[in-house]
Amino acid sequence: MPKENPFTTGSSEHFPGFPDLTAALTAAETSRITARGLWAADGTVDPGAVRLGQTLANALLSDTTDSTDAATALLPAELAAIVEEVRGLALPAYHRIEGAAESEGAAENVRLSAFSLRQLGPGRHPLVVVPAGWTPFGWPLFLWSYLVLARKGYHVLAYTPRGLGIPGLPSTSSGFVDVAGPHDWADGSAVIDFAVDSFDPSVIGFMGESYGSGISQLVAAHDDRVAAVVALSTWGNLATSLYDHDTRHLAAVKALLALTGGPVESKFDEANRKILADFQADRNLDAVVEWGLKRAPESYLTLTNEKGTPTFFSNTWHESLFAVNQTLETFNGLDVPKRLNMWIGDHAAPEGPALIGPPAVRGEVNLPMAEAYAWLDHHLTGERNGVEEWPQVCNQVMFSYVTEPVLDPETGEPTGENRIVVPARRETSPGWSQVTGTTEVFGLTGDGAGGTDGRLVPTGGPGAEETGWRRAFLAGVDTEATAMDAIMKTGQAEWRGNPKIYDTHKIDRRHAVAWTTEPLVSPDGEGVGRRVRGIPRLRLTVRSTATSASLYAHLLDVAEDGTARIISHEPLNVYGLTPEQDTTVAWRLQAAAYDIPSGNRLMLVVDSKDPLYGDASVTWTQTVIGSPEGEPSRLELPLG
């Protein structure tokens with residue numbers, strides 16, 4: 001195997017804007033990097049995470065005593081000691097693996113940038129293959145996780161999927177991005193071929209984050225040699241991740257396109273460029289859906305189930321790239337040993353810190369990754385570690401943690417941020433269908449309560465299922481009722497104990513309509529007004545002065561002072577409306593596990609615009625919500 005270090009300490013000179021790899025990392029800096037996680041405030045990859053991964057790569061791949069000493073000297077002492085420990089256990093190497101041909105008759109195949117740690121001990125060892133996530137930095141970003149796996153006794157082979165990366169950067173793979181298409185499946189099998197020849201592994205598992213998680217599922221569905229899958233911040237259906245309820249998830253696609261490492265023209269072939277252009281232009285969406293379904297692990301559940309591949313899913317309630325419901329549908333379709341962990345936060349917030357570096361606090365355990373590794377240990381090495389007794393589902397209850405204010409070390413004054421002092425509760429269930437015990441139906445009324453808001457009335461109560469009313473708002477203008485401030489940023493703050501606080505008084509009722517319950521009373525006297533568990537459903541009747549309208553529903557938990565936290569949301573675009581005629585629509589909001597405190601109120605807000613999505617509203621036209629006899633407007637709230 002070639003011993004090569006293609007990463008030089010002059011990377012910042014060769015790639016402007018790239019982190020400086022010549023300066024030493026202190027223990028304090030490393031702790032700050034891992035505490036921040038993967039994402040910078042603007043939704044790009046945190047430069048510190050890149051610097052840490054590349055510094056670790058340099059230290060591992062240095063092939064002489066002098067250069068090794070110089071490279072490890074750039075790391076904090078404890079981290080340098082772990083690098084030296086791993087170098088004693090496994091041989092690090094850089095590779096360019098031959099993938100599938102770009103097209104039939106192509107002059108040469110794609111070359112995949114890859115990194116390996118081959119166990120030096122005698123006998124055969126299990127292998128974990130790690131396709132990198134959708135970032136411009138490829139496999140080095142998660143290098144810490146490879147050290148963890150190597151210390152557990154695994155061969156590790158990580159690679160950057162085709163087309164991703166900054167041109168000229170050694171961790172960049174050639175070819176065009178195939179967006180988890182057939183070329184990516186074939187590449188995954190080519191990587192397995194390489195691993196079998198190079199390592200002779202006893203068994204093979206795949207572990208992926210985000211893009212790598214979908215590729216892991218797809219390769220496993222098409223290749224019998226994959227014995228287990230860990231899919232982190234994962235997705236099951238690319239079609240409904242991008243386009244659901246006739247609504248395009250525009251911000252998600254914009255964020256992903258910014259993370260390929262180059263312009264669309266150089267990163268995608270003509271066919272995929274056309275699909276992306278059609279999606280952004282709101283045309284030929286049937287073809288976009290067909291394209292997405294071809295790349296959906298859900299489309300190949302029959303293959304996965306036939307193989308019986310044990311599959312571990314991890315996701316977040318407020319996932320902004322791959323909304324949770326589509327992952328649940330794929331999970332429910334799996335008839336294999338399986339596990340679903342749901343966490344507070346957004347994409348990669350829970351497991352991201354433990355993928356990029358050691359814990360920020362000595363002795364701290366990152367449960368999302370600890371359980372992912374336990375899954376591999378059980379299914380690849382046969383370790384009896386309790387995984388065999390795990391229930392299928394484990395949900396973290398949103399915002400059930402206890403926090404305390406963070407104080408400025410110089411002034412002693414609160415900084416406005418909180419830290420978690422007692423972790424959020426987790427609840428297990430034999431399966432997703434058992435998460436919801438009952439459903440409570442709330443009727444929407446047309447009268448005013450608390451200003452201009454209507455009421456949410458439990459069915460069976462006075463005024464429930466009220467019909468014959470209409471409420472109107474002016475469409476096409478955003479309000480304070482938004483799903484989040486920014487992709488990844490808001491959810492990352494949630495994960496750390498700082499959920500977004502809404503001021504419901506600031507929601508402009510000219511451009512939204514709202515309904516609110518009376519203060520909710522704990523049915524069991526335990527301080528919880530309602531235990532929301534599962535997928536809320538909403539039915540409304542709409543008419544518009546235009547031929548299309550957007551209905552963006554938000555469920556909020558409102559405290560006595562009018563401040564609120566979000567429980568769930570989901571958009572719906574309605575087309576083909578006839579002015580002055582009613583159309584009844586029903587749709588599912590995103591799944592939730594949320595305890596509304598006794599005394600708080602549940603609020604439903606419907607407006608017509610959200611920065612995450614492509615809307616169908618015509619600005620300043622009127623949208624009217626009604627409740628006709630026979631089809632009263634209602635909210636179905638799942639309870640645990």
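Since we're looking at a predicted model, the values are computed, not measured. (Residues numbered from 1 in each chain as written. Predicted model: local features only at pLDDT ≥ 70, side-chain atom pairs only at ≥ 80, totals over all residues. Heavy atoms only, no water.)

**Q** Help me get a handle on the pattern of salt bridges, residues and values and all.
**A** Per the counting criterion, the structure on display carries 35 salt bridges. The residue Arg283 makes a salt bridge to Asp278 at a minimum N-O spacing of 2.6 Å. In this structure, Arg634 and Glu636 form a salt bridge, with 3.9 Å as the shortest nitrogen-oxygen distance. Take Glu636: its relative accessible area is 26%, and that puts it in the partly exposed class. (Salt bridge = Lys/Arg side-chain N within 4 Å of Asp/Glu carboxyl O. Buried < 20%, exposed > 50% of the residue type's maximum accessible area, 1.4 Å probe, protein only.)

**Q** Requested: an account of helix α6 (residues 143–151), with residues and values cited.
**A** Within α6, 8 of the 9 residues are buried, leaving the element largely enclosed by the surrounding structure. The complete set of buried residues in α6 reads Leu143, Trp144, Ser145, Tyr146, Leu147, Val148, Leu149 and Ala150. Looking one or two places after α6, you find Gly153, whose phi comes out positive at around 100°. (Helix = DSSP H or I, 4+ residues; strand = E, 2+ residues; numbered from the N terminus.)

**Q** For the environment of Trp515, give the residues involved together with the corresponding values.
**A** Relative to the helices and strands, Trp515 resides in strand β19 (residues 513–516). Under the relative-accessibility criterion, Trp515 is labelled buried at 0%. Ignoring any residue separated from it by four or fewer positions in sequence, one finds Trp515 in contact with Leu444, Thr445, Gly454, Arg455, Leu456, Trp469, Arg471, Leu602, Met603, Leu604, Val606 and Ile625. A polar contact of 2.8 Å, which involves the side chain of Trp515, links it to the backbone oxygen of Thr445. (Contact = heavy atoms within 4.5 Å. Polar contact = N/O pair within 3.5 Å; in protein donor to acceptor, adjacent residues only side chain to side chain.)

**Q** Lay out the nonpolar core with the relevant residues and their values.
**A** Trp139, Tyr146, Met207 and Leu602 are the most contacted members of the largest nonpolar core, which has 172 residues in total. If one sorts the elements of this core by residue count, helix α3 (residues 47–61) sits on top with 8 residues. Within the second largest apolar cluster, 11 residues are counted, among which are Ala512, Ile566, Met603 and Val605. (Core = buried A, V, L, I, M, F, W, Y, C linked by side-chain atoms within 4.5 Å.)

**Q** How would you summarise the packing of helix α5 (residues 77–89) against α6 if you had to cite specific residues and measurements?
**A** Geometrically, a packed helix pair is captured by the angle between its two axes and the distance between the axes. In contact at an axis separation of 10 Å, α5 and α6 are set at 50° when each is read in the N-to-C sense. One element, α5, and the other, α6, form an angle in the oblique class. Here α5 and α6 pass one another in a crossing that is left-handed. Along the contact surface, α5 presents Leu79, Ile82, Val83, Glu85, Val86 and Leu89, while α6 presents Trp144, Leu147, Ala150 and Arg151. Here the contact of α5 with α6 is built from residues that sort into 8 nonpolar, no polar and 2 charged. (Axes fitted to C-alpha atoms, helices over the stretch in contact; angles between N-to-C directions. Parallel < 35°, antiparallel > 145°, perpendicular 65-115°, else oblique. Left-handed = near helix turned anticlockwise from the far one by under 90°. Nonpolar A, V, L, I, M, F, W, Y, C, P; charged D, E, K, R; others polar.)

**Q** So what's going on with the pairing of strand β21 (residues 537–544)? Residues and values would help.
**A** Counting buried residues along β21, 6 of its 8 residues qualify, which places the element largely inside the surrounding structure. Looking at chain direction, β21 and strand β24 (residues 583–588) are connected through 6 bridges and run antiparallel. Considered in β24, the bridge of Arg539 is made with Ala586. Two strands pair when backbone bridges link them, and β21 and strand β28 (residues 634–639) are joined in this way by 3 bridges, in the antiparallel orientation. If you follow Leu538 over to β28, its bridge partner there is Leu635. Note that β21 and strand β27 (residues 622–626) share 4 bridges and pair antiparallel. The partner of Arg543 across the bridge, within β27, is Val624. (Pairing = 2+ DSSP bridges.)

**Q** Explain a nonpolar patch on the surface to me, and be specific about the residues and the numbers.
**A** A contiguous nonpolar surface patch, about 220 Å² in accessible area, is contributed by Val402, Val421 and Val422. Note on placement: Val402 falls in strand β12 (residues 402–407). (Patch = residues over 30% accessible without salt bridge, like charges linked within 9 Å, V, L, I, M, F, W, Y side chains within 5 Å. Areas by Shrake-Rupley, 256 points an atom, 1.4 Å probe, with all protein chains shown as cover.)

**Q** Run through the packing of α3 against α5, naming residues and quoting values.
**A** Running from N to C, α3 and α5 cross one another at 45°; their axes reach a closest spacing of 10 Å. As judged from the angle between their axes, α3 and α5 are oblique. Viewed along their axes, α3 and α5 form a crossing whose handedness is right-handed. Mapping the contact onto sequence places Leu52, Leu56, Ala59, Leu60 and Leu61 in α3 and Leu79, Val83, Val86 and Arg87 in α5. Counted by class, the contact of α3 with α5 contains 8 nonpolar, no polar and 1 charged residues.

**Q** How would you summarise the packing of aromatic side chains if you had to cite specific residues and measurements?
**A** For any pair of aromatic rings, the description rests on two quantities: the centre-to-centre distance and the angle between the ring planes. Per the stated rule, a full pass over the model turns up 18 aromatic pairs. When the ring of Tyr94 is compared with that of Trp139, the centres are 6.4 Å apart and the planes differ by 45°; the resulting orientation is tilted. With Tyr94 in strand β1 (residues 90–101) and Trp139 in the loop between β3 (127–131) and α6, the pair connects residues that are 45 residues apart, well separated along the chain. Assessed through its relative accessible area of 0%, Trp139 is described here as buried. (Phe/Tyr/Trp six-rings, centres within 6.5 Å; stacked < 30°, edge-to-face > 60°.)

**Q** Account for the side chain of Thr541, with residues named and values stated.
**A** Within the secondary structure, Thr541 sits in strand β21. Within the local environment of Thr541, its side chain forms a polar contact with the side chain of Thr584, the two groups lying 2.8 Å apart. Setting aside residues no more than four positions away along its own chain, Thr541 makes contact with Asp582, Thr583, Thr584, Val624, Ile625, Gly626, Pro628, Glu631 and Ser633.

**Q** Now, about the sheet that holds β3: what can you tell me, with residues and values included?
**A** One open sheet holds the 10 strands; their spatial order is β1-β2-β4-β3-β5-β6-β9-β10-β11-β14, and the pairing between them is mixed. Edge positions in the sheet fall to β1 and β14 (426–429), since each of these pairs with one other strand and no more. Across this sheet, the average inter-strand angle for adjacent strands is 15°, counted without regard to direction. Sheet topology note: the strand β2 (residues 109–119)/strand β4 (residues 155–159) ladder contains 4 bridges and is antiparallel. Following the sheet pairing, Ala114 is matched in β4 by Tyr159. Strand contacts of α6: β2, β3, β4 and β5 (204–209), with the helix running at about 45° to β2, the strand carrying the most contacts. The sheet strands contacting helix α17 (residues 367–381) are β3, β5, β6 (226–232), β9 (311–316), β10 (338–343) and β14, and the helix crosses β6 at an angle near 175°.

**Q** Before we move on, can you summarise the pairing of β28 with the specific residues and values?
**A** Of the strand pairs in this sheet, strand β15 (residues 438–444) and β28 are connected by 6 bridges, and their pairing is antiparallel. Bridge pairing links Gly443 to Arg634 in β28.

**Q** Would you mind going over helix α13 (residues 285–294) in detail, with residue names and values included?
**A** Those residues of α13 not exposed but buried are Leu285, Val288, Trp291 and Gly292. Buried residues along α13 cover an arc of 115° about the axis, so they all sit on one side. With respect to the buried face of α13, the exposed residues turned more than 90 degrees away are Asp286 and Glu290. Where α13 is buried, its residues contact α9 (238–242), β7 (243–244), β8 (247–248) and α12 (270–281). (Arc of directions from axis to C-beta.)

**Q** Go over unusual backbone geometry, please, and point to the residues and values.
**A** The phi dihedral of Ser210 falls on the positive side, at around 60°, and the residue is not glycine. Examined against the element boundaries, Ser210 turns out to sit in the loop between β5 and α8 (211–222). Of the residues examined, Ser210 reaches a relative accessible area of 7% and is grouped as buried. Despite not being glycine, Glu580 shows a phi value in the positive range, around 70°.

**Q** Give me the lowdown on the environment of Ala190, citing residues and values where you can.
**A** Positionally, Ala190 belongs in helix α7 (residues 182–199). Along the chain, Ala190 and Pro536 lie 346 residues apart, while their C-alpha atoms are 43 Å from each other. With sequence-adjacent residues up to four places away left out, Ala190 is seen in contact with Ile97, Glu98 and Gly99.

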